[in-house]
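Spelled out from the first residue to the last, the chains are:
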Amino acid sequence: MSARAFRAGNRVEPRSSYRPGKVSPTLYRSFLFYYVIIDTPMDPLENKRHTLAHLLAAAVLEHYPHARPTLGPAIENGFYYDFDFSQGDAPKEADLSLLERTMREILPTWHEMVGKEISLKDARDRFKDNPFKKEIVEDIAMRGEKITLYTAGGFTDLCRGGHAENPARDIAPDSFTLDRLAGAYWRGDEKNPMLTRIYGLAFNTKEDLEAYKKRREEARERDHRKIAREQGLLVFSDLVGSGMPLFTPKGNIIRSEIIAYSRELNAELGFGEVHTPNINKAALFKISGHYDKYKEDMLTVHSQYSEEEMFLKPMNCPQHTQIYASAPRSYRDLPIRFSDFSLLYRDERPGELSGLTRLRSFAQDDGHIFCREDQIEEELSAVLSAIQKALTTYRIDYWIRLSLRDPARPEKYIGEDATWEKAEHIMHTLLTEKNIPYKKGLGEAAFYGPKMDIMAVDALEREWQISTVQLDLNMPNRFNLEYTAEDGSKKTPVMIHRALIGSPDRFMGILIEHYGGAFPVWLAPVQARVVPVSQKHAGYTEKIREDMARAGVRVEIDIADESLGKKIRRAKMEKIPYLLVVGDKEAETGTLSVESRGEKNGEKMTVEEFTARIVREIRTRA
Ligand SMILES: [Zn+2]
Ligand SMILES: [Zn+2]
């Protein structure tokens, strides 16, 4: 599993602005590529959003003449602009509507945005009172690029172009809105001054804007941190540390079910589960290459008995090579497949930790395949099928990103060119032959090989990178892994790194939001709740609980001295799949009144019938 994979893995760029956080990779990226992006042809919506950023700056300067505009790119869902207000008053949330009104007043006067090139000297002079713009000017000059200004109405800004042709005509006044204020460090660096970022939402039409706001509201309702709190699934403690979740018995049931399912799929794929320690000597990571390429993400551990550097492991692969290397291997032994659910640790920036989506301690449904070259295709194909099966069970859509190396930055990768080309070719061919929809991601490869990133699409059509399948022709070499070929010669096996659903911890966060807290029966911490109409049914109720528990159902009784209506409402709020109401008639006839989650009318059935039905649902993960 590569550093990049996990870093980018939270929410797939470029849709990632949903993620809260100070300086997300998207923002950083849009900053870095500010001058690059607008050079390339963009879609008209992007041009509108970019134009609106200028319009915002114009409106801000009208009310805050002392404001110093810095950068204002188009982003997913809209745009933002960062201002320095240190020379006077700064706007508050309540002032956004006034700014928005001003934008709408100015818009009809912007019929075009006219560009003009200026000299470095003129640019320095023009921005002498704005150190931020000045810094950008110097950067552009250093790269030997042209410095251009764009003017619309009476407003001029440093920019390279990429605007709506005729803003007054092309931008519907009700298709955008100012959204919120946030603090942002200049260039995303905490050592730099804090600026005020104004975010705007912008779409082609008012309808699109409204639809987006609705989706966002829905996403907030489904926020896994909110639901996890309401359902009591996990907690974070300041004393334990951020990014290190503590799963409650209920939450741990879900997590364990996810693991159990992956374990079952691993067994079908022929994996042998191994168990490995959390701490490693640095020596291991020096050979694997992680020490050079990944050290800043690893947490160190000290022993009082040695000076030796040690680390909490960020991944399992290097350890698995040592199990492989522990015995002589023949071509007939291959493929050898190890799976592992050990906890892994990564030193994520505290500011980027949020709920389960980014963690410092988490497991993966990790596995490594050591095989011959002629077995690669079959192995990859089987793994892809298992992933497909898993995601179908979870009712999650997906697509695959074929992550390739960035040929322009060879220093980021280990291994020979020829090896890379071979590996990339195999994956490409496989995806084409299997007719799997995929997109290429240049520069998204792991440092040791290309990979296929599985992108899950949840109920709100948000994309998450959940798991990867990576071909690695480098690490086996670095660890001198070998097998005896048919002709008696020594050969190096290929290593395939793969996960199915990725991290069970993160995946649980995704599932909570995907299901909106209404877990399918097999995952639900409480699968059924028995509600007696009155205390006199307590004996019968308890017998039902015992019988069902013996059949493997997670069932509980609600014996609180409250009205039936209140109990039913509570069970609905907790999204318990089945509510079993027991009154006089049911007790007499050995039946239950079954209320299924989300369905209006109850059904009457015997305890045996219901038990058989729920057990079947659990077993088939229906
Ligand atoms: Zn512009
Ligand atoms: Zn691995």
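Here, every reference points to the structure presented above.
A few points on the structure.

**Points about the overall build of the chain**
Here is step 1: Broken down by element type, the chain carries 22 helices and 30 strands.
Here is step 2: Seen through its principal axes, the chain has C-alpha atoms that stretch 90 × 75 × 55 Å.
Here is step 3: Counting the 622 residues in the chain, one finds 55% classified as buried.
Here is step 4: A separation threshold of at least 6 residues defines the contact pool for the chain, and within that pool the share at least 24 residues apart is 72%.
Here is step 5: Total accessible area computed for the chain in this model is approximately 28,100 Å², and 50% of it derives from carbon and sulfur atoms.
Here is step 6: Of the charged side chains in the chain, 91 are positive and 96 negative, and the gap between their average positions amounts to 2 Å.

**A look at the packing of helix α11 (residues 249-268) against helix α15 (residues 376-393)**
Here is step 1: Running from amino to carboxyl end, α11 crosses α15 at an angle of 150 degrees, the nearest separation of the two axes being 11 Å. It follows from the interaxial angle that α11 and α15 lie roughly antiparallel. As α11 packs across α15, the resulting crossing turns out to be right-handed. Here α11 contributes Y261, L265 and E268 to the contact with α15, which in turn contributes A386, K389, A390 and T393.

**As for the coordination of the zinc ion (ligand 1)**
Here is step 1: Coordination of the zinc ion (ligand 1) by the protein involves H50 (NE2), H54 (NE2), C159 (SG) and H163 (NE2), with metal-donor separations of 1.9 to 2.1 Å.
Here is step 2: Classification of the site at the zinc ion (ligand 1) as tetrahedral follows from its four donor atoms and the range of 98 to 124 degrees in their angles at the metal.
Here is step 3: The exposure class assigned to C159 is buried, which follows from its relative accessible area of 1%.

**What about the environment of Q87?**
Here is step 1: For Q87, the location among the structural elements is in the loop between β3 (78-84) and α5 (96-106).
Here is step 2: Q87 gets classed as partly exposed once you look at its relative accessible area, which sits at 48%.
Here is step 3: Each C-alpha atom, one on Q87 and one on L460, is 42 Å from the other, the two residues being 373 residues apart in sequence.
Here is step 4: Ignoring sequence-local partners within four residues, the contact set of Q87 consists of H66 and R68.
Here is step 5: Of note is the side chain of Q87, whose polar atom sits 3.1 Å from the side chain of S86.

**Points about the environment of D157**
Here is step 1: By secondary structure assignment, the location of D157 is in strand β6 (residues 155-158).
Here is step 2: Note on D157: relative accessible area 2%, which makes it buried.
Here is step 3: Setting aside residues no more than four positions away along its own chain, D157 makes contact with H54, Y81, K133, T148, L149 and Y150.
Here is step 4: Of note is the side chain of D157, whose polar atom sits 2.9 Å from the side chain of K133.

**Things to note about the side chain of T148**
Here is step 1: Tracing the sequence through the fold places T148 in strand β5 (residues 147-152).
Here is step 2: Classification of T148 by relative accessible area gives buried; the value is 15%.
Here is step 3: Within the structure, the side chain of T148 is placed 2.4 Å from the backbone oxygen of C159, a separation counted as a polar contact.
Here is step 4: Those residues in contact with T148, other than ones at most four positions away along the chain, are K116, E117, D157, L158, C159 and R160.

**Things to note about the nonpolar core**
Here is step 1: Among the nonpolar cores identified, the biggest contains 76 residues, and Y394, M452, F507 and F610 are the most heavily contacted of them.
Here is step 2: When residues of this core are assigned to their parent elements, the largest contribution, eight residues, is made by α15.
Here is step 3: A59, M113, A152 and I171 belong to the second largest nonpolar core, which has 32 residues in total.

**Observations regarding unusual backbone geometry**
Here is step 1: At the junction of L334 and P335, the peptide bond is cis and its omega measures out at 0 degrees in the coordinates.
Here is step 2: Checked against the element boundaries, P335 lands in the loop between α14 (317-324) and β15 (336-340).
Here is step 3: We note that N77 has phi near 75 degrees; this positive angle belongs to a residue other than glycine.
Here is step 4: The topology assignment puts N77 in the loop between β2 (74-75) and β3.
Here is step 5: Judged by relative accessible area, which is 9%, N77 ranks as buried.
Here is step 6: Here R187, not a glycine, exhibits a phi torsion of approximately 60 degrees, which is positive.
Here is step 7: By the secondary structure assignment, R187 is in the loop between β7 (176-185) and β8 (194-202).
Here is step 8: Given a relative accessible area of 24%, R187 falls into the partly exposed group.

**Quick notes on a nonpolar patch on the surface**
Here is step 1: Judged by side-chain polarity, V235, V240 and L246 come together as a nonpolar surface patch covering roughly 210 Å² of accessible area.
Here is step 2: Relative to the assigned elements, V240 resides in the loop between β9 (234-235) and β10 (246-247).
Here is step 3: Taking the relative accessible area as the measure of exposure, V240 reaches 39% and is therefore partly exposed.

**Notes on the coordination of the zinc ion (ligand 2)**
Here is step 1: Around the zinc ion (ligand 2), the donor atoms from the protein are C317 (SG), H368 (NE2) and H497 (ND1), and they sit 2.0 to 2.4 Å away.
Here is step 2: Ordering the donors of the zinc ion (ligand 2) by residue number gives the pattern C-x50-H-x128-H. One end of the pair, H368, is in strand β18 (residues 366-371); the other, H497, is in strand β25 (residues 494-499), with 129 residues separating them in the sequence. With respect to class, H368 is no different from H497; both count as buried.

**Some thoughts on the side chain of K133**
Here is step 1: Among the secondary structure elements, K133 is positioned in helix α7 (residues 131-142).
Here is step 2: Here K133 falls in the buried class, since its relative accessible area comes to 3%.
Here is step 3: A polar side-chain atom of K133 sits 2.9 Å from a polar atom in the side chain of Y81.
Here is step 4: If we ignore the near neighbours within four places in the chain, the residues touching K133 are P69, T70, Y81, F127, D157 and L158.

**Here's the deal with the sheet that holds strand β4 (residues 114-118)**
Here is step 1: Strand order across the open sheet formed by three strands is β4-β5-β6, with antiparallel pairing between neighbours. Each edge of the open sheet is held by one strand with a lone partner, namely β4 and β6. The average undirected angle you get between the axes of adjacent strands in this sheet is 30 degrees.
Here is step 2: Relative to β6, β5 runs antiparallel, the two being bridged by four bridges. Residue pairing for β6: Y150 is matched across the bridge by D157.
Here is step 3: Contacting β5 and β6, α7 runs over the sheet at an angle of about 50 degrees to β6.

Thresholds applied
- Residues numbered from 1 in each chain as written.
- Chains lettered and ligands numbered in written order.
- Predicted model: local features only at pLDDT ≥ 70, side-chain atom pairs only at ≥ 80, totals over all residues.
- Heavy atoms only, no water.
- Helix = DSSP H or I, 4+ residues; strand = E, 2+ residues; numbered from the N terminus.
- Buried < 20%, exposed > 50% of the residue type's maximum accessible area, 1.4 Å probe, protein only.
- Contact = heavy atoms within 4.5 Å.
- Areas by Shrake-Rupley, 256 points an atom, 1.4 Å probe, with all protein chains shown as cover.
- Lys, Arg positive; Asp, Glu negative; His and termini not counted.
- Charge placed at Lys NZ, Arg CZ, Asp CG, Glu CD.
- Axes fitted to C-alpha atoms, helices over the stretch in contact; angles between N-to-C directions.
- Parallel < 35°, antiparallel > 145°, perpendicular 65-115°, else oblique.
- Left-handed = near helix turned anticlockwise from the far one by under 90°.
- Donors = N, O, S within 2.8 Å, 3.2 Å for Na, K, Ca; no water.
- Tetrahedral: all angles 85-135°; square planar, octahedral: opposite > 155°, others 65-115°.
- Polar contact = N/O pair within 3.5 Å; in protein donor to acceptor, adjacent residues only side chain to side chain.
- Core = buried A, V, L, I, M, F, W, Y, C linked by side-chain atoms within 4.5 Å.
- Patch = residues over 30% accessible without salt bridge, like charges linked within 9 Å, V, L, I, M, F, W, Y side chains within 5 Å.
- Salt bridge = Lys/Arg side-chain N within 4 Å of Asp/Glu carboxyl O.
- Pairing = 2+ DSSP bridges.

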